[in-house]
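# Architecture at a glance
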Amino acid sequence: MADQPTRRDFVKTAAIAGAGFTIVPRSVLGRGFQAPSDALNIAVVGVGGMGSSNTAAVMSQNIVAICDVDDVLLERSLTRWKDRIYPPAPAAGVVAGGGRQGGAGGGQGQEGPPRPVWQEFDKSKLQLEADARWTPNAGTADMQKFVDEQMPKVAKYRDYREMLEKQKDIDAIIVATPDHMHAVIASNAMDLGKHVYVQKPLCWSVHEARHLAKKALEKKVVTQMGNQGHSQDDARRGQDYLAAGAIGDIREVHVWTNRPLAFWPQGIPRPAALSGNAPGWNNSGITRRLADVMASSGVTTPDTLAWDLFLGVAPDVEYHPVYHPFNWRGWVDWGQGALGDMGAHLIDHPVWGLNLGLPTIIETTSTPFSRQPTAGLVSYPNATTTYYEFAARGGKPAVKMIWYDGGLTPPRPEEIGEERLSGEGGVLYIGSKGKMLQDTYGANPRLLPADKHNSYGPPKEKMVRVPHQAHEMNWVNAIKGKDTISSPFSYAAHLTEIMLLGVASLRANAKLHYDAANMRVTNNAAANEFLTRTYRAGYSL
């Protein structure tokens, strides 16, 4: 008898067929087979932080395996989901639902000139039409099903390699680990024909970005990067403004974020015991003293943390809580700083809307940072500014884009009067016929000044919308052939390369002239080492 098609064959066929795919009823497939429209079997690697949110967003599917190097983070996520469905009784003396009462405070009796008011528009017609194409389950029904039916039997792993080897029922994988492990996990999964959703930034190096885009194309799997703003109605309305030429030709863009302030530490030394004479109390002396204090704090690696697995592809470094959890983002070994963290949510919009290629010149300046002769930059600086130059393309002019982080911002445009730019972050487009602002994730697009915005009205709708603006479920539905993928690796790798070139300039401490066709810095040969990395033994793309 000829070999029978497997469930994975059906899922893969659905992904390749895309929008032309026909939903196959279970009755046609016969006993033992599920239709491609049925739930996918999804595994998650890295379930703390955004991994927890990503998992919750796809609980309409089958969560068959969870992998995390930190048992505490894994169990914390499971407990959080369970407590949401079955809230624990309040502790003795605590009133359920209690909290401080009082008004919002401030904002009344303010003096000065009136602030501009931008008209807010309703959800777009295209968004309403998209929402009608797919109806998610209401409330916490999906999480209830996960907690009651799937949580008791979900497989748990520390090592993703063991999971990929043993867990044969996986259709798709969410990767939400620290940045340095994104590429190797996604690549290994795609080798097995798994569809992959990878948190932003897509990867740690430029070489990895190109590798992932190429492999996704070769393996014909459905891929998505976790820049969820890309699926928002507001972000796509911003694209409609740009496509309509609302502010004319754009030659200058400013992008900023407040990260890492109040989120994670940067500009600090690696823990190291003092040797020799006691340092002074100048800046360098205080830095050495801080390193000594951290080194002498009696830290041991928790039994609940597989530190060697956390290190993964990265160099061997002794554990310290200043690195994990979450603080890894500020260290070169594992993260990409504020630019890697938030660039995917902010730089995304001008790259997308202006159809920017790869930059020809990149230069990053920063607040002071410490370098080690043998290791280069260790902890990212507190604030950076990156200057990108993009060539003219397709009848559109050349563009200069400037990135700011750590509390730095562009000059305030005169059109907003005394109004301040968003402290969290945003995008400012400078066009030949006006200006436009967007907030983080592409939210709240508005023309400047407010009078122009209000008289212009909402732009003509052209950009396709994502049903319910659900980024993770867009990926799931695209795997099933029910939707068009929002931010596939073919785009996400390009965006990520732009971001990481800014980091490469920072690490090289130099302006870079970039030959994109050959993935090579042409004016500083030593800087090319920052476009890739050597993996530790046991890991490969």
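Treat the numbers as computed from the prediction; the structure is a model and nothing was measured. (Residues numbered from 1 in each chain as written. Predicted model: local features only at pLDDT ≥ 70, side-chain atom pairs only at ≥ 80, totals over all residues. Heavy atoms only, no water.)

### A word on the overall build of the chain
Counting its regular elements, the chain contains 17 helices and 17 strands. The buried share among the 541 residues of the chain stands at 53%. Looking at the chain as shown, the accessible area adds up to about 24,800 Å², and 51% of this sits on carbon and sulfur atoms. (Helix = DSSP H or I, 4+ residues; strand = E, 2+ residues; numbered from the N terminus. Buried < 20%, exposed > 50% of the residue type's maximum accessible area, 1.4 Å probe, protein only. Areas by Shrake-Rupley, 256 points an atom, 1.4 Å probe, with all protein chains shown as cover.)

### Some words on the nonpolar core
Membership of the largest hydrophobic core comes to 102 residues, with the highest contact counts inside it found for Met163, Ile173, Trp334 and Ile347. Considering each element in turn, this core owes the most residues, 13 residues, to helix α17 (residues 489-508). Beyond its immediate sequence surroundings of up to four residues, Ile173 is in contact with Ala43, Val45, Met163, Leu164, Ala189, Lys194, His195, Val196, Tyr197 and Trp475. Counting 28 residues, the second largest nonpolar core, distinct from the first, contains Met143, Met151, Trp475 and Val476. (Core = buried A, V, L, I, M, F, W, Y, C linked by side-chain atoms within 4.5 Å. Contact = heavy atoms within 4.5 Å.)

### Notes on the sheet that holds strand β1 (residues 41-45)
Each strand in a sheet pairs with another by means of backbone hydrogen bonds, the pair being arranged parallel or else antiparallel. The six strands lie next to each other as β3-β2-β1-β4-β5-β6, forming an open sheet whose pairing is parallel. Of all strands in the sheet, those with a lone pairing partner are β3 (155-157) and β6 (223-225), marking the two edges. Taking each pair of neighbouring strands and ignoring which way they run, the sheet shows an average axis angle of 15 degrees. Sheet topology note: the strand β4 (residues 172-175)/strand β5 (residues 195-198) ladder contains four bridges and is parallel. Bridge pairing in β5 places Ala172 opposite His195. (Pairing = 2+ DSSP bridges. Axes fitted to C-alpha atoms, helices over the stretch in contact; angles between N-to-C directions.)

### Focus: the pairing of β1
Each regular strand displays side chains that alternate between the two surfaces of the sheet. Buried residues dominate β1, accounting for five of its five residues. Along β1, one buried face is formed by Asn41, Ala43 and Val45 and the opposite face, lined by Ile42 and Val44, is buried too. Here five bridges tie β1 to strand β2 (residues 62-67), and the two strands are oriented parallel to one another. Across the sheet, residue Val45 finds its bridge partner in β2, namely Cys67.

### Considerations on the packing of helix α9 (residues 206-219) against α17
In the contact formed by α9 and α17, the axes pass within 9 Å of each other and the chain directions differ by 175 degrees. Taken together, α9 and α17 sit at an angle that is classed as roughly antiparallel. From α9, Val206, Ala209, Arg210, Leu212, Ala213 and Ala216 reach across to α17, where they touch Phe489, Ala493, Glu497, Leu500 and Leu501. (Parallel < 35°, antiparallel > 145°, perpendicular 65-115°, else oblique.)

### What about the packing of helix α13 (residues 337-346) against α17?
Where α13 contacts α17, the axes come no closer than 9 Å and their chain directions differ by 150 degrees. When the axes of α13 and α17 are compared, the pair comes out roughly antiparallel. Of the two possible hands of crossing, α13 and α17 adopt the one that is right-handed. Of α17, the residues touching α13 (which contributes Leu339, Gly340, Gly343 and Ala344) are Leu495, Met499, Gly502 and Val503. When the residues that make up the contact of α13 with α17 are grouped by side-chain class, the tally is five nonpolar, three polar and no charged. (Left-handed = near helix turned anticlockwise from the far one by under 90°. Nonpolar A, V, L, I, M, F, W, Y, C, P; charged D, E, K, R; others polar.)

### A short note on the sheet that holds strand β7 (residues 250-257)
Across the sheet, nine strands lie side by side as β15-β14-β13-β7-β12-β11-β8-β16-β17; this open sheet has mixed pairing. Unpaired on one side and paired on the other, β15 (446-448) and β17 (520-521) mark the two borders of the sheet. In the sheet, strand β16 (residues 512-515) pairs with β17 via two bridges, with the strands oriented antiparallel. Counterpart to Tyr514 in the pairing with β17 is Val521. Of the strands in this sheet, β8 (361-366), β11 (384-390), β12 (399-404) and β16 are in contact with α17, which crosses β8 at around 55 degrees.

### So, the pattern of salt bridges
Scanning all chains against the criterion turns up 18 salt bridges. Between Asp159 and Arg161 there is a salt bridge, with the nearest N and O atoms lying 2.9 Å from each other. Classification of Arg161 as partly exposed rests on a relative accessible area of 30%. Among the ionic pairs, Glu162 bridges to Lys166, the shortest N-O distance being 2.7 Å. Residue Glu162 and its partner Lys166 are located together in helix α7 (residues 160-166), separated by four residues, close to a single helical turn. (Salt bridge = Lys/Arg side-chain N within 4 Å of Asp/Glu carboxyl O.)

### Re the confidence of the model for the chain
Per-residue confidence for the chain gives a mean pLDDT of 89, with 88% of residues at or over 70. Counting contacts from residues 1-37, a segment whose pLDDT is below 50, to residues more than four positions away or on other chains yields 57 contacts. Confidence over residues 98-110 falls short of pLDDT 50; this stretch has one contact with residues more than four positions distant or in other chains. (pLDDT = per-residue confidence, 0-100.)

### Concerning the pairing of β2
Within β2, five of the six residues are buried, which leaves the element mostly enclosed by the surrounding structure. For the handedness criterion, the β-α-β arrangement of β1, helix α3 (residues 50-57) and β2 is classed as right-handed. Pairing analysis gives three bridges linking β2 to β3, with the strands arranged parallel. If you follow Ile66 over to β3, its bridge partner there is Lys156. (Right-handed = clockwise from strand over helix to strand, strands pointing away.)

### Some points on the environment of Gln167
Note that Gln167 resides in the loop between α7 and β4. The sequence separation of Gln167 and Ala43 amounts to 124 residues, and the corresponding C-alpha distance is 9.1 Å. A distance of 2.6 Å separates a polar atom in the side chain of Gln167 from a polar atom in the side chain of Tyr157. (Polar contact = N/O pair within 3.5 Å; in protein donor to acceptor, adjacent residues only side chain to side chain.)

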